[in-house]
Amino acid sequence: MGPRSARDLRAERTSEPAEPHDPAANRSYGFPVGLWRALARYRPPGTGHPRAWRSPLRGPWLTSVFGLILLVTLPVVTLTGLVSYIAYAPQFGQAIPADVGWLRLPRFTWPTSPSWLYALNQCTHVILGLVLVPVVLAKLWSVMPKLFDWPPARSPAQLLERLSLLLLVGGVLFEIATGVLNIQYDYVFGFSFYTAHYFGAWVFIAGFLAHVAVKLPRMVTALRSRSLRRELRTPRSRTLPEPLDADGLVAAHPAEPTLSRRGALGLVGSGSLLVAVMTAGQGTGGGARKFAYLLPRGRSYGDGPNGFQINRTAEAALIDTRDTGSSWRLSLAGGLGRITLDRTGLLAMPQHTATLPISCVEGWQTTQTWTGVRLRDLAALAGVPDPTSAHVRSLEAVGAFDRATLQGNQVLAPDSLLALRVNGADLSLDHGFPARVIVPALPGVHNTKWVRSIEFSDG
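Residues numbered from 1 in each chain as written. Predicted model: local features only at pLDDT ≥ 70, side-chain atom pairs only at ≥ 80, totals over all residues. Heavy atoms only, no water.

Chemist: Now, about the overall build of the chain: what can you tell me, with residues and values included?
Modeler: Per the secondary structure count, the chain includes 14 helices and 10 strands. Taken over the C-alpha trace, the chain has a radius of gyration of 29 Å; the compact-globule value for 459 residues is 23 Å, which it surpasses by more than 25%. Dimensions of the chain, computed from C-alpha atoms along their principal axes, come out at roughly 95 × 50 × 35 Å. Nonlocal contacts in the chain, meaning residues at least 24 apart in sequence, comprise 72% of its contacts between residues at least 6 apart. On the chain, roughly 21900 Å² of surface is accessible, and the fraction owed to carbon and sulfur atoms is 61%. With 45 positive and 30 negative side-chain charges, the chain shows a separation of 9 Å between the mean positions of the two kinds. (Helix = DSSP H or I, 4+ residues; strand = E, 2+ residues; numbered from the N terminus. Rg over C-alpha atoms; globule rule 2.2 N^0.38 Å. Contact = heavy atoms within 4.5 Å. Areas by Shrake-Rupley, 256 points an atom, 1.4 Å probe, with all protein chains shown as cover. Lys, Arg positive; Asp, Glu negative; His and termini not counted. Charge placed at Lys NZ, Arg CZ, Asp CG, Glu CD.)

What follows is the structure, given as structure tokens:
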């Protein structure tokens, strides 16, 4: 008998035997055997049927490829998210949530250099998180048969594994869903995004670490079982199912392939690339901005010196224009008691110009040229030349960020300003007129607009 062709092999693999083979049926039960066998007898509709999932692409190798991508990238998304929380200075009780119990992160002084540090961190967090959505969905598709496996566990060890999977899948889907809704300012979930996203991240971390501990050896074995280079050269006509596996990922009765594994990887990669193109412009600016369809800041912000992104308008903040006119005064408090200055007095002080970014938690950033009085000059004027902190209050009548506390290094940084002008023109009302704070590497919402008072402290 001569060698069999790929078509013959595929026909042999896809032909249905007289007795359907379910790999799960041959798996042994652990303690307590009676419990798992009793569960197996009461199978809910739609579970445990090997013919329900017939794609010939599913298998340990393809699942492990997606898993490897997520193993490398999801820790980056997680770490940048936690670093963003630290940037809000939780030591002053102004990070949300304020009370996190034993989940408190190490506290350190958030640096002011480089000025684009927070912008880089948050753009990486948001853009990479969105880019990974197609990969996460592909990974879930690849293990779909396991989600319907019955009984759900066959031993205590497997039960722990399934619970870790529940934490992992539930955590990552919750973080993606709430993150995307936050980017779009659509808070349909009715609870604090910041609080839920923070604690949800720890649920995901627990599931992720447990899952990696259990699955890493299997993933390494599966990746070594096939050559990536060879798979990328294999067309659909020669695509065959993987050998039947103990986990039941490989279809017992595979259908004809409609796509090669090369095509599947290309499809997922193209989806991630498309998401990247449609999101990166909000963070990178330049020519990519016109393709930023997925983020809410739009692709055009108008003309003129004040024609750039606005996180919160004066109308939304209920700013009364009578409070920002000629009667406006800045109140400074410190070692010399309370000092008041009008805008004319501030403009008469030495002015400093710096080009600095503003970056928000939603992942957008904009870099503009600001002019105003150095915060350290105002601290010295208030009698606190070496402050440990500064508490800034806004005219804003509503909102969670109508005030902010700055670290001592942020007050003393040479480019930290009470900005009065931007790009050579007075601030617009929406951008914080008559004065706003601009500090290098500070989260956008803490660059307080419509400033009415600053209280400097030396400890």
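Additional details are given in the paragraphs that follow.
Chemist: Would you mind going over empty space enclosed by the protein in detail, with residue names and values included?
Modeler: In total, this model carries 3 cavities of 30 Å³ or more according to the counting rule given. What lines the largest cavity is a set of 33 residues, among which G81, H125, E175, F193 and H197 lie closest to the centre. For the lining of the largest cavity, the elements supplying multiple residues, two or more each, are α3 (60-87), α4 (117-131), α5 (133-142), α7 (156-183) and α8 (193-225). Residues that form the lining of the largest cavity fall into these classes: 23 nonpolar, 9 polar and 1 charged. (1 Å grid on protein atoms, 1.4 Å probe; cavity = no way out; pocket = protein on both sides within 12 Å on 5 of 7 lines; lining within 4 Å. Points joined across faces, edges and corners; volume = space filled by probe spheres on them. Nonpolar A, V, L, I, M, F, W, Y, C, P; charged D, E, K, R; others polar.)

Chemist: Give a detailed account of the nonpolar core, specifying residues and quantitative values.
Modeler: Among the nonpolar cores identified, the biggest contains 39 residues, and F66, Y88, Y198 and F204 are the most heavily contacted of them. Breaking this core down by element, the ones donating at least two residues are α3, α5, α7, α8 and α10 (261-279). With 11 residues, the top contributor of residues to this core is α3. Core analysis: the next-biggest nonpolar cluster, separate from the first, contains 25 residues, L346, V373, L406 and L420 among them. (Core = buried A, V, L, I, M, F, W, Y, C linked by side-chain atoms within 4.5 Å. Buried < 20%, exposed > 50% of the residue type's maximum accessible area, 1.4 Å probe, protein only.)

Chemist: Explain a nonpolar patch on the surface to me, using residue names and the numbers behind them.
Modeler: Residues L273, V277, F291, Y293 and L294 make up a contiguous nonpolar surface patch of roughly 470 Å² in combined accessible area. Examined against the element boundaries, L294 turns out to sit in the loop between α11 (281-284) and β1 (330-334). What makes L294 partly exposed here is its relative accessible area of 35%. (Patch = residues over 30% accessible without salt bridge, like charges linked within 9 Å, V, L, I, M, F, W, Y side chains within 5 Å. Salt bridge = Lys/Arg side-chain N within 4 Å of Asp/Glu carboxyl O.)

Chemist: Explain the pattern of salt bridges to me, and be specific about the residues and the numbers.
Modeler: For the structure on display, the rule yields 7 salt bridges. Across the salt bridge formed by R312 and E396, the nearest N and O atoms sit 2.5 Å from each other. Of this pair, R312 sits in the loop between α11 and β1 while E396 sits in the loop between β5 (389-394) and β6 (403-407), and the two are 84 residues apart along the sequence. Taking relative accessible area as the criterion, E396 reaches 9% and is therefore assigned buried. The partner of R322 in a salt bridge is D320, with the nearest N and O atoms 2.7 Å apart. Using a relative accessible area of 26% as the deciding quantity, one classes D320 as partly exposed. A network of salt bridges, in which partner residues are shared, links R226, E231 and R261.

Chemist: Which residues make up unusual backbone geometry, and what are the values?
Modeler: Across the junction of I96 and P97, the peptide omega takes the value 5°, indicating a cis bond. Within the secondary structure, P97 is located in the loop between α3 and α4. For the bond running from F433 to P434, omega is 15°, close enough to zero to count as cis. Residue L318 is not a glycine yet carries a positive backbone phi of 60°. Here L318 is to be found in the loop between α11 and β1. A positive phi angle, near 65°, is found at A441, a position not held by glycine. Inspection of the secondary structure puts A441 in the loop between β9 (436-438) and β10 (451-457). Overall, the relative accessible area of 3% leaves A441 in the buried class.

Chemist: Tell me about the sheet that holds β6, and please be specific about residues and values.
Modeler: Taken together, the 5 strands give an open sheet; going across it, the order is β2-β1-β10-β5-β6, and neighbouring strands pair in mixed fashion. The open sheet terminates on both sides in strands that have one partner only, identified here as β2 (337-341) and β6. The average undirected angle you get between the axes of adjacent strands in this sheet is 15°. Both β5 and β10 contribute to a ladder of 6 bridges, which runs antiparallel. Directly across from A390, in β10, lies its bridge partner F456. (Pairing = 2+ DSSP bridges. Axes fitted to C-alpha atoms, helices over the stretch in contact; angles between N-to-C directions.)

Chemist: Tell me about the side chain of E242, and name the residues and values.
Modeler: Structurally, E242 is set in the loop between α9 (228-232) and α10. At 4.4 Å, R261 is the nearest oppositely charged side chain to E242, a buried residue that forms no salt bridge. From its side chain, E242 meets the backbone nitrogen of W61 in a polar contact 3.1 Å long. (Polar contact = N/O pair within 3.5 Å; in protein donor to acceptor, adjacent residues only side chain to side chain.)

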